[in-house]
Amino acid sequence: MRLALYTGILLAGGYACLTPALAADPTGDWRVADGVANIRVAQCNGSMWGAVSWEKQPGGRDEYNPDASKKNRPTLGMATLIDMKKKPGIDQWEGQVYNAKDGQLYSATITPAGADQLEIKGCVMGFLCGGETWTRVGPPIPLSPSNAMAKGAPKPGTAPKAAGTTVAAAAPAPAAPKAATAAKPGQKSAADPVGDICLLPEIAGFAH
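A brief structural summary. (Residues numbered from 1 in each chain as written. Predicted model: local features only at pLDDT ≥ 70, side-chain atom pairs only at ≥ 80, totals over all residues. Heavy atoms only, no water.)

What about the overall build of the protein?
A tally of helices and strands in the protein yields 2 helices and 8 strands. Ordered by position from the N terminus, the helices and strands of the protein form the series β-β-β-β-β-β-β-β-α-α. Burial status across the protein gives 38% buried among its 208 residues. Taking all contacts inside the protein whose residues are at least 6 apart in sequence as the whole, residues at least 24 apart take part in 57%. For the protein, the computed accessible surface area is about 11700 Å², with 60% contributed by carbon and sulfur atoms. (Helix = DSSP H or I, 4+ residues; strand = E, 2+ residues; numbered from the N terminus. Buried < 20%, exposed > 50% of the residue type's maximum accessible area, 1.4 Å probe, protein only. Contact = heavy atoms within 4.5 Å. Areas by Shrake-Rupley, 256 points an atom, 1.4 Å probe, with all protein chains shown as cover.)

See the structure below:
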(Lines give C-alpha, C1' and ligand atoms only; values in the text may rest on other atoms or scores of the structure.)
Protein backbone atom coordinates (compact mmCIF):
# COMPACT_ATOMS: atom_id res chain seq x y z
CA MET A 1 0.00 0.00 0.00
CA ARG A 2 1.40 3.37 -1.00
CA LEU A 3 0.56 6.37 1.13
CA ALA A 4 -0.41 9.19 -1.22
CA LEU A 5 -0.81 12.30 0.89
CA TYR A 6 -1.63 15.94 0.51
CA THR A 7 1.07 17.99 2.27
CA GLY A 8 3.08 21.77 2.52
CA ILE A 9 5.54 25.57 1.92
CA LEU A 10 6.31 27.27 -1.31
CA LEU A 11 9.52 26.06 -2.91
CA ALA A 12 12.09 28.67 -1.97
CA GLY A 13 14.28 29.78 -4.85
CA GLY A 14 17.98 29.13 -4.43
CA TYR A 15 17.52 26.75 -1.49
CA ALA A 16 20.82 25.06 -0.65
CA CYS A 17 21.65 21.68 0.91
CA LEU A 18 21.79 21.53 4.68
CA THR A 19 24.80 20.60 6.74
CA PRO A 20 25.07 17.08 8.22
CA ALA A 21 24.43 18.54 11.69
CA LEU A 22 20.79 19.09 10.67
CA ALA A 23 20.29 15.58 9.29
CA ALA A 24 18.07 14.42 12.18
CA ASP A 25 15.75 17.44 12.16
CA PRO A 26 12.36 16.56 10.59
CA THR A 27 11.04 20.13 10.72
CA GLY A 28 10.76 22.24 7.62
CA ASP A 29 8.92 21.94 4.31
CA TRP A 30 8.84 18.70 2.36
CA ARG A 31 7.69 17.85 -1.16
CA VAL A 32 5.68 14.61 -1.25
CA ALA A 33 6.76 11.78 -3.55
CA ASP A 34 4.26 12.47 -6.34
CA GLY A 35 4.96 16.22 -6.25
CA VAL A 36 1.34 17.31 -5.79
CA ALA A 37 1.91 19.15 -2.50
CA ASN A 38 4.30 20.02 0.32
CA ILE A 39 3.86 19.61 4.03
CA ARG A 40 5.26 21.89 6.69
CA VAL A 41 6.52 19.95 9.73
CA ALA A 42 7.04 21.75 13.04
CA GLN A 43 7.31 20.95 16.72
CA CYS A 44 4.08 22.02 18.43
CA ASN A 45 3.56 21.48 22.16
CA GLY A 46 6.25 18.78 22.33
CA SER A 47 5.07 16.76 19.30
CA MET A 48 5.78 16.88 15.58
CA TRP A 49 2.88 18.00 13.43
CA GLY A 50 2.58 18.46 9.68
CA ALA A 51 0.12 20.49 7.63
CA VAL A 52 -0.47 21.21 3.97
CA SER A 53 1.22 24.48 3.05
CA TRP A 54 1.24 24.35 -0.76
CA GLU A 55 -0.72 22.49 -3.44
CA LYS A 56 0.12 22.03 -7.09
CA GLN A 57 -3.58 22.33 -7.85
CA PRO A 58 -5.02 25.00 -5.52
CA GLY A 59 -8.49 24.77 -4.07
CA GLY A 60 -8.43 21.16 -2.87
CA ARG A 61 -11.19 19.94 -0.53
CA ASP A 62 -11.24 17.09 1.97
CA GLU A 63 -13.98 15.34 -0.01
CA TYR A 64 -13.17 11.79 1.16
CA ASN A 65 -13.39 12.56 4.87
CA PRO A 66 -15.98 10.22 6.47
CA ASP A 67 -17.13 13.16 8.62
CA ALA A 68 -19.70 14.93 6.46
CA SER A 69 -19.01 18.25 8.22
CA LYS A 70 -15.40 18.19 6.97
CA LYS A 71 -15.93 17.19 3.34
CA ASN A 72 -15.87 20.80 2.17
CA ARG A 73 -12.93 22.02 4.27
CA PRO A 74 -9.86 23.22 2.34
CA THR A 75 -6.92 20.82 2.21
CA LEU A 76 -4.55 23.81 2.35
CA GLY A 77 -3.67 24.22 6.04
CA MET A 78 -5.10 20.80 6.94
CA ALA A 79 -3.16 18.65 9.42
CA THR A 80 -1.67 15.48 7.92
CA LEU A 81 0.97 14.41 10.48
CA ILE A 82 -0.74 14.20 13.84
CA ASP A 83 0.79 14.37 17.34
CA MET A 84 3.96 12.44 16.49
CA LYS A 85 6.12 11.61 19.51
CA LYS A 86 9.86 10.94 19.42
CA LYS A 87 10.80 7.31 20.03
CA PRO A 88 13.48 6.82 22.72
CA GLY A 89 17.05 6.41 21.50
CA ILE A 90 16.42 6.91 17.78
CA ASP A 91 15.67 9.79 15.42
CA GLN A 92 12.16 8.61 14.64
CA TRP A 93 8.73 10.04 15.50
CA GLU A 94 5.57 7.97 15.81
CA GLY A 95 1.93 9.02 15.63
CA GLN A 96 -0.76 9.17 12.97
CA VAL A 97 -1.01 10.36 9.39
CA TYR A 98 -4.20 11.50 7.67
CA ASN A 99 -4.49 10.44 4.03
CA ALA A 100 -6.70 12.88 2.15
CA LYS A 101 -6.87 10.48 -0.81
CA ASP A 102 -9.09 8.07 1.16
CA GLY A 103 -10.09 10.04 4.27
CA GLN A 104 -8.43 7.56 6.64
CA LEU A 105 -6.02 7.78 9.58
CA TYR A 106 -3.03 5.44 9.72
CA SER A 107 -0.44 4.63 12.36
CA ALA A 108 2.77 6.13 11.02
CA THR A 109 6.42 7.00 11.63
CA ILE A 110 8.65 9.70 10.17
CA THR A 111 12.42 9.24 9.99
CA PRO A 112 14.96 11.73 8.62
CA ALA A 113 17.21 10.11 6.00
CA GLY A 114 20.09 12.54 5.72
CA ALA A 115 19.59 16.28 5.52
CA ASP A 116 17.19 16.40 2.59
CA GLN A 117 14.92 13.36 2.79
CA LEU A 118 12.17 12.27 5.17
CA GLU A 119 10.86 8.72 5.17
CA ILE A 120 7.23 8.22 6.12
CA LYS A 121 5.75 4.78 6.74
CA GLY A 122 2.20 3.90 7.68
CA CYS A 123 0.24 0.77 8.59
CA VAL A 124 -3.42 -0.19 8.97
CA MET A 125 -4.04 -2.16 12.17
CA GLY A 126 -0.40 -3.25 12.25
CA PHE A 127 -0.32 -4.65 8.70
CA LEU A 128 -0.74 -3.53 5.08
CA CYS A 129 2.25 -1.27 5.60
CA GLY A 130 3.70 1.06 3.01
CA GLY A 131 5.52 4.36 2.69
CA GLU A 132 7.34 6.90 0.62
CA THR A 133 10.20 9.39 0.77
CA TRP A 134 9.70 13.15 0.83
CA THR A 135 12.29 15.71 -0.34
CA ARG A 136 13.21 18.82 1.62
CA VAL A 137 12.27 22.14 0.00
CA GLY A 138 12.57 24.44 3.03
CA PRO A 139 14.99 24.74 5.97
CA PRO A 140 14.31 23.48 9.52
CA ILE A 141 11.81 25.53 11.50
CA PRO A 142 12.76 27.08 14.86
CA LEU A 143 10.57 26.23 17.84
CA SER A 144 7.30 28.13 17.50
CA PRO A 145 6.86 31.10 19.88
CA SER A 146 3.36 29.76 20.51
CA ASN A 147 4.87 26.74 22.29
CA ALA A 148 6.74 28.91 24.78
CA MET A 149 3.67 31.04 25.47
CA ALA A 150 1.53 27.93 25.95
CA LYS A 151 3.88 26.85 28.73
CA GLY A 152 3.58 30.19 30.55
CA ALA A 153 6.83 31.72 29.38
CA PRO A 154 6.91 35.51 28.86
CA LYS A 155 6.32 36.75 25.36
CA PRO A 156 9.47 37.46 23.33
CA GLY A 157 10.94 40.89 24.16
CA THR A 158 9.21 41.27 27.54
CA ALA A 159 11.00 41.29 30.90
CA PRO A 160 9.45 39.70 34.01
CA LYS A 161 7.94 42.18 36.46
CA ALA A 162 9.68 42.22 39.84
CA ALA A 163 7.49 41.75 42.93
CA GLY A 164 6.41 45.00 44.60
CA THR A 165 7.49 47.23 41.75
CA THR A 166 5.53 49.28 39.29
CA VAL A 167 6.58 49.35 35.69
CA ALA A 168 5.89 52.61 33.91
CA ALA A 169 4.10 52.31 30.61
CA ALA A 170 6.48 52.74 27.72
CA ALA A 171 5.71 55.39 25.15
CA PRO A 172 4.54 53.82 21.91
CA ALA A 173 7.13 53.81 19.17
CA PRO A 174 6.34 55.77 16.01
CA ALA A 175 4.56 53.59 13.49
CA ALA A 176 6.74 52.49 10.61
CA PRO A 177 5.57 53.24 7.09
CA LYS A 178 3.28 50.46 5.91
CA ALA A 179 5.40 49.70 2.88
CA ALA A 180 8.51 49.22 5.03
CA THR A 181 6.93 46.84 7.56
CA ALA A 182 8.49 43.39 7.37
CA ALA A 183 6.46 40.21 7.87
CA LYS A 184 6.99 38.51 11.21
CA PRO A 185 8.24 34.89 11.32
CA GLY A 186 5.30 32.56 10.81
CA GLN A 187 3.00 35.37 9.69
CA LYS A 188 0.62 34.55 6.85
CA SER A 189 1.15 36.35 3.57
CA ALA A 190 0.14 36.04 -0.06
CA ALA A 191 3.27 33.96 -0.69
CA ASP A 192 2.78 31.86 2.45
CA PRO A 193 -0.93 31.55 3.34
CA VAL A 194 -0.34 29.00 6.12
CA GLY A 195 2.36 30.57 8.33
CA ASP A 196 3.08 29.02 11.74
CA ILE A 197 1.25 25.68 11.67
CA CYS A 198 1.27 25.51 15.49
CA LEU A 199 -1.29 28.33 15.42
CA LEU A 200 -3.71 26.48 13.15
CA PRO A 201 -6.88 25.70 15.15
CA GLU A 202 -6.73 22.04 14.16
CA ILE A 203 -3.25 21.68 15.67
CA ALA A 204 -3.54 24.14 18.55
CA GLY A 205 -6.66 22.30 19.72
CA PHE A 206 -5.15 18.80 19.33
CA ALA A 207 -8.12 17.72 17.24
CA HIS A 208 -8.54 16.26 13.76
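So, next bit.
So, the sheet that holds strand β8 (residues 127–138)
Within the closed barrel, the 8 strands sit side by side as β1-β2-β3-β4-β5-β6-β7-β8. Their pairing is antiparallel. Neighbour to neighbour, the strand axes of the sheet diverge by 30 degrees on average, direction disregarded. (Pairing = 2+ DSSP bridges. Axes fitted to C-alpha atoms, helices over the stretch in contact; angles between N-to-C directions.)

Overview of the packing of aromatic side chains
The final tally for this structure, using the stated rule, is 0 aromatic pairs. One Lys or Arg, arginine 73, reaches over the ring of tyrosine 98 and ends 5.8 Å from the middle of that ring. (Phe/Tyr/Trp six-rings, centres within 6.5 Å; stacked < 30°, edge-to-face > 60°. Lys NZ or Arg CZ within 6 Å of the ring centre and 35° of its normal.)

Quick look at a nonpolar patch on the surface
Together, Met125, Phe127 and Leu128 make up an exposed nonpolar region whose accessible area comes to about 390 Å². Here phenylalanine 127 shows up in strand β8. With a relative accessible area of 48%, phenylalanine 127 lands in the partly exposed category. (Patch = residues over 30% accessible without salt bridge, like charges linked within 9 Å, V, L, I, M, F, W, Y side chains within 5 Å. Salt bridge = Lys/Arg side-chain N within 4 Å of Asp/Glu carboxyl O.)

Topic: the pairing of strand β3 (residues 47–55)
Of all 9 residues in β3, 8 are buried, a share of seventy percent or more. Here strand β2 (residues 37–44) runs beside β3; their pairing, made up of 8 bridges, is antiparallel. Bridge pairing in β3 links cysteine 44 to serine 47. Linking two consecutive strands that pair antiparallel, namely β2 and β3, is a turn of 2 residues; a positive phi of about 55 degrees is found at asparagine 45 within it. Pairing analysis gives 3 bridges linking β3 to strand β4 (residues 79–86), with the strands arranged antiparallel. Considered in β4, the bridge of alanine 51 is made with alanine 79.

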